[in-house]
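Here's the letter readout for the chains.
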Amino acid sequence: MGSRILLTGGAGYIGSHTYVALVEAGHEVVILDNFSNARDDVPARLEMITGHPVAVERADVLDKAALARIFAAHRFDAVVHFAALKAVGESVQKPLEYIETNVAGLLNLLGAMRDAGVFRLVFSSSATVYAESEVMPLAEDAPRGYASTYAWTKLAGEQILEQVARSDARWAFGVLRYFNPAGAHDTGLIGEDPQDIPNNLMPYIAKVAVGELPALNVFGNDYPTPDGTGVRDYIHVVDLARGHALSLAALIATGRGHVVNLGTGRGYSVMEMLAAYSRACGRDLPHAVAPRRDGDLAAYWGDPRLAEAELGFRAARDLDDMCSTSWGWISRRANAPRG
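Parameters at a glance
- Residues numbered from 1 in each chain as written.
- Predicted model: local features only at pLDDT ≥ 70, side-chain atom pairs only at ≥ 80, totals over all residues.
- Heavy atoms only, no water.
- Pairing = 2+ DSSP bridges.
- Helix = DSSP H or I, 4+ residues; strand = E, 2+ residues; numbered from the N terminus.
- Axes fitted to C-alpha atoms, helices over the stretch in contact; angles between N-to-C directions.
- Phe/Tyr/Trp six-rings, centres within 6.5 Å; stacked < 30°, edge-to-face > 60°.
- Lys NZ or Arg CZ within 6 Å of the ring centre and 35° of its normal.
- Salt bridge = Lys/Arg side-chain N within 4 Å of Asp/Glu carboxyl O.
- Buried < 20%, exposed > 50% of the residue type's maximum accessible area, 1.4 Å probe, protein only.
- Patch = residues over 30% accessible without salt bridge, like charges linked within 9 Å, V, L, I, M, F, W, Y side chains within 5 Å.
- Areas by Shrake-Rupley, 256 points an atom, 1.4 Å probe, with all protein chains shown as cover.

Visitor: Looking at this structure, I do not really get the sheet that holds strand E1 (residues 4-8). What am I missing?
Guide: Adjacent strands of a sheet pair through backbone hydrogen bonds, lying either parallel or antiparallel. Pairing is parallel in the open sheet, where 7 strands are placed in the order E3-E2-E1-E4-E5-E6-E11. On the outer flanks of this sheet lie strand E3 (55-58) and strand E11 (258-262), each paired with one strand and no other. Pairwise comparison of adjacent strand axes, ignoring direction, gives a mean angle of 20° for this sheet. Pairing of E1 with strand E4 (residues 78-81) involves 4 bridges; the strand directions are parallel.

Visitor: What exactly am I supposed to notice about the packing of aromatic side chains here?
Guide: What describes a pair of aromatic rings is the distance from one ring centre to the other and the angle between the planes of the rings. Here the structure, examined in full by the defined rule, presents 5 aromatic pairs. When the ring of phenylalanine 71 is compared with that of phenylalanine 76, the centres are 5.4 Å apart and the planes differ by 75°; the resulting orientation is edge-to-face. A cation sits over an aromatic face here: arginine 292 above tyrosine 223, 4.0 Å from the ring centre.

Visitor: How do you make sense of the pattern of salt bridges when you look at a structure like this?
Guide: It is possible for side chains bearing opposite charge to pair when their charged atoms get close. Under the counting rule described, the total for this entry stands at 21 salt bridges. Residues glutamate 158 and arginine 144 are paired through a salt bridge, measuring 2.9 Å at the closest nitrogen-oxygen approach. A residue pair is termed long-range when its members are at least 10 positions apart, and glutamate 158 in helix H6 (residues 149-167) and arginine 144 in the loop between strand E5 (120-124) and H6 qualify at 14 residues. With relative accessibility at 3%, the residue glutamate 158 sits in the buried group. One salt bridge connects aspartate 321 with arginine 317, and the closest N-O pair in it is separated by 3.5 Å. Counted as one network, the salt bridges with shared partners bring together Arg144, Glu158, Glu162 and Arg177.

Visitor: How do you make sense of a nonpolar patch on the surface when you look at a structure like this?
Guide: A grouping of Ile99, Tyr146 and Trp152 is seen on the molecular surface, where their side chains present a nonpolar patch of about 280 Å² in accessible area. Structurally, tyrosine 146 can be placed in the loop between E5 and H6. Residue classification places tyrosine 146 among the exposed positions, given a relative accessible area of 51%.

Visitor: In this structure, what is going on with the sheet that holds strand E14 (residues 299-300)? I would like to understand it.
Guide: Reading across from one edge, E12-E9-E14 is the order of the 3 strands in this open sheet, with mixed pairing throughout. One side of each edge strand has no neighbouring strand; the edge strands of this open sheet are strand E12 (268-269) and E14. Pairing between strand E9 (residues 231-232) and E14: 2 bridges, direction parallel. Residue valine 231 lies in a different strand from E14, and its bridge partner there is alanine 299.

As structure tokens, then:
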């Protein structure tokens, strides 16, 4: 028997894929989203994938009255929380906006949950909460720190949840730290859709593949890595979504919280990613080598073994699958009108 779940930010990239995973796990899901960074047609696409009507509450986590109304209208068993601003570079330029949405939004949500008697929450955290380190892979007990306002908001969110969990044994939180989600749903109906020049590697390569950008800038090719380019941890978004469903199942079954990395346990270089995407789209994609960026590490990836031990989670999809599903999505959406 499934549970009734509130999915905040459920029309976004990771949220929409998690919606599918939760429905497939037998849950009844209500999406809360303000659609500031999501297409209006996502719910219709989710209905096409799942075959079921999609319940949507168009609201903002900063609106306490709206949260109270939504919790009064539904009897939720748990919450999966994605609703947040997420562009690292922009967060440094707009710290107040990021702190308000990501930190005050979480506080508002926790208050509404407490008032409604809902004490299970899966929190979308980030590997950006780890302090800079040359020691890889990063395990969950690695030192924490932050290099951007976005990272600080995720670290603050984790610390808030730690304090709340200590205060009352009824609370249980699944804190999921992940690295770089990539790829799209196998149907090509949902995927990553940045509205400007992307910060992350795969959506940037995707825009090169469809001709929206002229070439990939490779920042540094003289790192101490196998091909000289930076190495990062990527995880297929469908694997990532399944990890959230497993986290939720563990919270509901045990009432015990957990903090885990979700990743593949290995890194891929920039040139590996470019080559895999070239295979996916059937042509060699252009690139230009640029100087290293300040603060970039040669290699950065996580240790996922605790997620397997705690949740039974292991990533199943590889880099070629990430690239082929991304291409299936982006090539289908390249010339579609924005909804």
